[in-house]
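What follows is each chain in one-letter form.
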Amino acid sequence: MYVASPLGFTEPGKEYNVLVIAALTEHGIKPKDPWAMPNNPIRAALEIPASPERLAALQRANAEVGRYNEGLIRDSVAMLALLDGTDVDSGTAAEIGFAAALEIPVVGLRTDTRVTGDNDGAAVNLQVERFIYRSGGTITSSLSDAIAALLAVIRSRRVTPGTDAQP
């Protein structure tokens, strides 16, 4: 089960990411956390002084991280997407669209109380919302509700005999 979020970019986000991953694990869900990529090549590339070598290393690292995250999504039975902020993070939105195209159900978690949808009828960007619902997912307003929705999705997708998809 893939966790799509911008939480790895800030210290408070990293702390909340730990809480989310722990809560999923406590409920028997095996999260695929892109922020936990072993030997993240972007960190190493950022240590190179500003130069053409650094730019080339970052471009290679970006491609590697993108492939890694794509593989995690493809290997997932569901996705939890964190939707907080004045607008859904662009990387998270892309991951949602990709999962929806692969028919992987997406459960959105929006705890942010600000009104940011395209109009009163949308919790978030209308296209992001469309892909979440089209995937068979839903949007929740608490982590406990998101976990309950994910567990329901995982149970429903485990009924196919002979598959090796893991949550």
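Shown above is the structure to which this text applies.
In this report, the structure presented in the accompanying data block is examined.

### Notes on the sheet that holds strand E4 (residues 138-140)
Strand order in the open sheet formed by four strands is E1-E2-E3-E4, and the pairing between neighbours is parallel. Single-partner strands in this sheet number two, and they are strand E1 (2-4) and E4. Here the average twist between neighbouring strands, direction ignored, is 20 degrees. Summarising the sheet, E1 and strand E2 (residues 79-82) pair through three bridges and their orientation is parallel. Its bridge partner being in E2, Tyr 2 is matched across the sheet by Met 79. Of the strands in this sheet, E1, E2 and strand E3 (106-109) touch helix H1 (residues 11-26), which is tilted by about 155 degrees from E2. Against the sheet, helix H4 (residues 90-101) engages E1, E2 and E3, with an angle of about 155 degrees to E2.

### Some thoughts on the pairing of E3
Alternating positions in E3 separate into two faces, Val 106 and Gly 108 on one and Val 107 and Leu 109 on the other, with burial throughout. One crossover worth recording links E2 to the parallel E3 by way of H4, and it is right-handed. One ladder, built from three bridges, connects E3 with E4; its direction is parallel. Opposite Leu 109, over in E4, you have Thr 140 as the bridge partner. Following the chain from E3 across helix H5 (residues 126-134) to the adjacent parallel E4, one finds a crossover that is right-handed.

### Examining the pairing of E2
Side-chain alternation along E2 places Met 79 and Ala 81 on one buried face and Leu 80 and Leu 82 on a second face that is also buried. Relative to E3, E2 runs parallel, the two sharing four bridges. The residue of E3 that forms the bridge with Met 79 is Val 106.

Thresholds applied
- Residues numbered from 1 in each chain as written.
- Predicted model: local features only at pLDDT ≥ 70, side-chain atom pairs only at ≥ 80, totals over all residues.
- Heavy atoms only, no water.
- Pairing = 2+ DSSP bridges.
- Helix = DSSP H or I, 4+ residues; strand = E, 2+ residues; numbered from the N terminus.
- Axes fitted to C-alpha atoms, helices over the stretch in contact; angles between N-to-C directions.
- Contact = heavy atoms within 4.5 Å.
- Buried < 20%, exposed > 50% of the residue type's maximum accessible area, 1.4 Å probe, protein only.
- Right-handed = clockwise from strand over helix to strand, strands pointing away.

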